[in-house]
Amino acid sequence: MEYRIGTGFDIHRLEEGRKLIIGGVQIPFEKGFKAHSDGDIFFHALTDALLGAIGYGDIGQLFPDSDKKWEGADSSIFLKEASRIVKEKGYEIVNIDCYILLERPKLLPFREKIIENTANILQIDKNRIFIKGKSYEKLGEIGRSEAGSAHVVVLLRKKRSEDEGNRA
């Protein structure tokens, strides 16, 4: 059985007066991510990880920030399209592992909702997704609550065709 690994990374500056959205969940905070779309660092990194695992490209190629169409867009659109492409290429998600680096607010109270939302979008069991929130110990832009980032790893496997299953 063929396996593929993909990694994704995203970082955005935090700015007052914007909504903080992670994993499609709005988190109460005085700042949100400044970006062309809604700035969802987790969905952006996950989209890149999925596309990279199948050698398809990246989020900037499919949804360029030079296109007004994507201005303020809900990042679940990007994730749904990446998921569709992964399935079309004959792969399924084995698991997703993520670090979200954010000094404030703490992610733990929202983690389960983010996981559930992601599982629903990808149509996979939520036990295939894990998210770890980490602070940056007050170091650099992230530690000063000026930015946040996400690092994602995905494992995909090629789905077995019915013919292969019958021969096994």
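Residues numbered from 1 in each chain as written. Predicted model: local features only at pLDDT ≥ 70, side-chain atom pairs only at ≥ 80, totals over all residues. Heavy atoms only, no water.

Identification of the protein chain as 2-C-methyl-D-erythritol 2,4-cyclodiphosphate synthase from Persephonella marina is taken from an unreviewed UniProt entry. Quoted verbatim from the Sequence similarities (unreviewed entry) heading of the UniProt record, the comment on the protein chain is "Belongs to the IspF family." Database annotation for the protein chain, UniProt heading Pathway (unreviewed entry): "Isoprenoid biosynthesis; isopentenyl diphosphate biosynthesis via DXP pathway; isopentenyl diphosphate from 1-deoxy-D-xylulose 5-phosphate: step 4/6." (UniProt positions renumbered as here; feature names shortened; annotations may be inferred.)

A. Structural detail: the pairing of strand β6 (residues 129-134). Note: strand β5 (residues 91-101) against β6, 6 bridges, orientation parallel. From the neighbouring strand, L101 faces β6, where its bridge partner is K134. (Pairing = 2+ DSSP bridges. Helix = DSSP H or I, 4+ residues; strand = E, 2+ residues; numbered from the N terminus.)

B. Looking closely at the side chain of D10. Its location among the elements puts D10 in strand β1 (residues 3-16). Put simply, D10 is tucked away with no salt bridge, and the nearest opposite charge, on R18, sits 11 Å away. Only 2.9 Å separates the side chain of D10 from the side chain of H12, close enough to count as a polar contact. In this view, D10 contacts D40, I41, H44, A45, G148, S149 and A150; residues no more than four positions away in its chain are not counted. (Buried < 20%, exposed > 50% of the residue type's maximum accessible area, 1.4 Å probe, protein only. Lys, Arg positive; Asp, Glu negative; His and termini not counted. Salt bridge = Lys/Arg side-chain N within 4 Å of Asp/Glu carboxyl O. Polar contact = N/O pair within 3.5 Å; in protein donor to acceptor, adjacent residues only side chain to side chain. Contact = heavy atoms within 4.5 Å.)

C. Molecular detail of the pattern of salt bridges. Here the structure, examined in full by the defined rule, presents 12 salt bridges. The closest approach of N and O atoms between R144 and E146, which form a salt bridge, is 3.0 Å. Its relative accessible area of 27% is what places E146 among the partly exposed residues. The network of salt bridges with common partners includes E81, R84 and E88.

D. Here's a closer look at helix α1 (residues 41-53). Taking 1.5 Å of rise per residue, the 13 residues of α1 would be expected to cover 18 Å, and the 18 Å separating its terminal C-alpha atoms lies within 8% of that figure. A large share of α1 lies buried, amounting to 12 of its 13 residues. Structurally, the start of α1 carries an N-cap: the backbone nitrogen of F42 is 3.2 Å from a side-chain oxygen of D40. Residue G55 follows α1 closely and has a positive phi angle near 65 degrees. (Expected span 1.5 Å × (residues − 1).)

E. Fine view of the packing of α1 against helix α4 (residues 108-122). At a minimum axis separation of 13 Å, α1 and α4 run at an interaxial angle of 40 degrees. Taken together, the axes of α1 and α4 are oblique relative to one another. Handedness of the α1/α4 crossing: right-handed. The segment α1 lies against α4, with F42, F43, L46 and L50 engaging I114, N117, T118, I121 and L122. Broken down by class, the residue content of the contact of α1 with α4 amounts to 7 nonpolar, 2 polar and no charged. (Axes fitted to C-alpha atoms, helices over the stretch in contact; angles between N-to-C directions. Parallel < 35°, antiparallel > 145°, perpendicular 65-115°, else oblique. Left-handed = near helix turned anticlockwise from the far one by under 90°. Nonpolar A, V, L, I, M, F, W, Y, C, P; charged D, E, K, R; others polar.)

F. Layout of the sheet that holds β6. With respect to topology, 5 strands assemble into an open sheet ordered β4-β1-β7-β5-β6, the strand pairing being mixed. In the strand order of this sheet, the two ends are held by β4 (31-33) and β6, each with one partner. For this sheet the average axis-to-axis angle between neighbouring strands, irrespective of direction, equals 20 degrees. Across 3 bridges, β1 lies against β4 in antiparallel orientation. If you follow L14 over to β4, its bridge partner there is F33.

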